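What follows is each chain in one-letter form.
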Amino acid sequence: MMKRISPALTIAIVSLLVTGCQPADVSPSSESMTAETVIPAQTQLLNGLTPPVRIMNRPAQTQSLAQRLEHHQVPGVSIAIMQNGRIAWTLEHGVKDLTTGQPVDSDTVFQAGSISKPTFAAVLMKYRETHGLDLDTDINGLLTSWQVPAHPWSDQEPVTLRRLLSHSAGTTVHGFPGYAKGEAIPTLVQVLDGASPANTAAVVVDIKPGSAMRYSGGGTTIAQLLLQDVSSEPLTAMAEQLLFSPLGMTRSGFTQPISTELASNMATPYDDAGNPVEGGAHTYATLAAAGMWSTPSDLLRLGAEIRQSYLTDDKENWLSQASATDMLTSNSPTGSPPHVGIGYFLYKEDNNLIGFAHGGADAGFMSQFYLEIGTGNGYAIMTNGDNGRQLIRELEIRIKEAFEIGYEEPTYKTIPETPAKIIAEYLGTYRVTTPVEVDIVLSPAPEGFRLTALPYIDNEMHWHEGDGRFFALDGSTIHFERNEDGQITTLVMDNRIRGTRQ
């Protein structure tokens, strides 16, 4: 399926109206709001979004949040903003289910995807404070139900919890697709062995532990099994006892499939074409890697506690300062980005910690969390659509511009003067046969062309940026290949989808 989809939806736009802007219960300074009230800060996100690419020295093409939801075919989004360590306000927009038209509210839960990883790491670190757990010992001495298979560096560098939780243990398997309704669910050992009914390969070590950072959900899954082995408790119960209940994260849980309580207000996942994910919300045996349900406010509650513990040595804190420092200290084998602590990705400037973050992607769900150390400002965004990543970036850009929170900035492009006869050389029809069969039609437009590839793309403007390269405001690019005679033969979209000139 092509990345970019026609913005036309089959639902009425009324279903994408603002459905509520709820104040967070943890902040006594939050402004009092009702479902009909919109505070000035929220209008920055409701009416001030732009695509991620802008043209230099031209006004940005501003659109509403409703328009961007429609464009990306994402039914709903939930946003929480933190200021000075407290949740200042939340904004919910769209619907949690297209069939029922039920609106997203502040208690609607989404699958958090890989944001499960730092949450699990926090549970493990809390358990470690009272039971002791060596982060730097060979984990095969702690595992009882499974062992890391022998590898070329077995006698040189150990696979440790610190390395597993910072993606530097050399383990394989990037992520997990989960299991649709009706599919058999494997045990953790079956997942790690790649044995039926697991739908991913076995987790092995194929890079020297401690030598490089490579993202590995497989490594997090080993850590989950280890914690269950040493504690004799399932993660679901342990997380509730050690984390969710103490921090008031009442809308979070690792239960898979989703618990009855959370299911009463859950978002339905949708694919990149705007259709419900086949088999519904997937079940994840790999709870620590991808199996948490949550809300943006709950994600920020955990982040605020870790920040507070990192900054202050107070016995009243949920986590010790030593544990929080471990979580927010980079374990980069090379000392260069990406910096990963225990669970979270770290943002540093001049070797100083600026903030910590993590994104999430499960089938039909996309999420992002970010919190700054110094200011206590941050945000969490959760969506129920596979195209949610594009929407999240647009929201992050606006949050950075409007509130000076975060790191996302727009990309600026310069358009050179190009004679129309040169652009005309690229116009015409190009035939794509894989991954779908479709005709791409390029029609003339000032400074570029308009691209139509129904039903996926409809009349989308692409500007010429020079050297036969064209771009759209969503960040996608197109270039062309020529034969030995200099004639254009092939259109290449984002270096992966190819169309042959007709």
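Residues numbered from 1 in each chain as written. Predicted model: local features only at pLDDT ≥ 70, side-chain atom pairs only at ≥ 80, totals over all residues. Heavy atoms only, no water.

**Re the overall build of the chain**
Part 1 of the reasoning: Counting its secondary structure elements, the chain contains 13 helices and 20 strands.
Part 2 of the reasoning: The globule rule puts the C-alpha radius of gyration for 502 residues at 23 Å, and the 24 Å found for the chain is close to it.
Part 3 of the reasoning: Across its three principal axes, the chain shows a C-alpha extent of roughly 75 × 60 × 50 Å.
Part 4 of the reasoning: Considering the chain as a whole, with its 502 residues, one finds that 55% of them fall into the buried category.
Part 5 of the reasoning: Summed over all atoms, the accessible surface of the chain reaches about 20600 Å², with 48% contributed by carbon and sulfur. (Helix = DSSP H or I, 4+ residues; strand = E, 2+ residues; numbered from the N terminus. Rg over C-alpha atoms; globule rule 2.2 N^0.38 Å. Buried < 20%, exposed > 50% of the residue type's maximum accessible area, 1.4 Å probe, protein only. Areas by Shrake-Rupley, 256 points an atom, 1.4 Å probe, with all protein chains shown as cover.)

**Focus: the side chain of Arg162**
Part 1 of the reasoning: Tracing the chain through its elements places Arg162 in helix 4 (residues 161-165).
Part 2 of the reasoning: Dropping the residues within four chain positions of it, Arg162 is found in contact with Leu135, Asp136, Asp326, Asn331 and Ile342. (Contact = heavy atoms within 4.5 Å.)

**A look at the packing of aromatic side chains**
Part 1 of the reasoning: Evaluation of the coordinates by the stated rule reveals 19 aromatic pairs.
Part 2 of the reasoning: Each ring, one from Tyr344 and one from Phe356, has its centre 4.9 Å from the other, and the planes form 70°; the classification is edge-to-face. Here Phe356 lies in strand 9 (residues 352-362) and Tyr344 lies in the loop between strand 7 (339-340) and strand 8 (345-349), a separation of twelve residues in the sequence. Neither Tyr344 nor Phe356 differs from the other in exposure class; each is buried.
Part 3 of the reasoning: Taking 5.2 Å as the distance between ring centres and 75° as the angle between the ring planes, the aromatic pair formed by Tyr426 and Phe470 counts as edge-to-face. Of this pair, Tyr426 sits in the loop between helix 13 (420-424) and strand 13 (428-432) while Phe470 sits in strand 17 (residues 469-471), and the two are 44 residues apart along the sequence.
Part 4 of the reasoning: Taking the relative accessible area as the measure of exposure, Phe470 reaches 0% and is therefore buried.
Part 5 of the reasoning: By the ring-pair criterion, three or more aromatic residues cluster together here, those being Tyr426, Tyr430, Phe449, Phe470 and Phe480.
Part 6 of the reasoning: Its guanidinium or amino end placed over the ring of Phe471, Lys413 lies 5.5 Å from that ring's centre, counting from NZ or CZ. (Phe/Tyr/Trp six-rings, centres within 6.5 Å; stacked < 30°, edge-to-face > 60°. Lys NZ or Arg CZ within 6 Å of the ring centre and 35° of its normal.)

**Details of helix 1 (residues 40-47)**
Part 1 of the reasoning: Residues of helix 1 that are buried include every one of Gln42, Leu45 and Leu46, and no others. One side of helix 1 holds all its buried residues, which, seen down the axis, span an arc of 100°. (Arc of directions from axis to C-beta.)

**Points about the confidence of the model for the chain**
Close inspection of predicted coordinates is inappropriate for parts of the model with low pLDDT.
Part 1 of the reasoning: Of all residues in the chain, 92% have pLDDT values of 70 or greater, and the mean over the chain is 92.
Part 2 of the reasoning: Overall, residues 1-36 carries pLDDT values under 50, and its contacts beyond four positions in sequence, including any with other chains, amount to 97 contacts. (pLDDT = per-residue confidence, 0-100.)

**A closer look at unusual backbone geometry**
Part 1 of the reasoning: Geometrically, the link from Ser196 to Pro197 is a cis peptide bond, its omega value of 10° lying close to zero.
Part 2 of the reasoning: Here Pro197 is to be found in the loop between helix 5 (188-193) and helix 6 (217-231).
Part 3 of the reasoning: At Ser232, a residue that is not glycine, the phi angle is positive and equals roughly 60°.
Part 4 of the reasoning: Tracing the backbone through its elements, the reader meets Ser232 in the loop between helix 6 and helix 7 (235-244).

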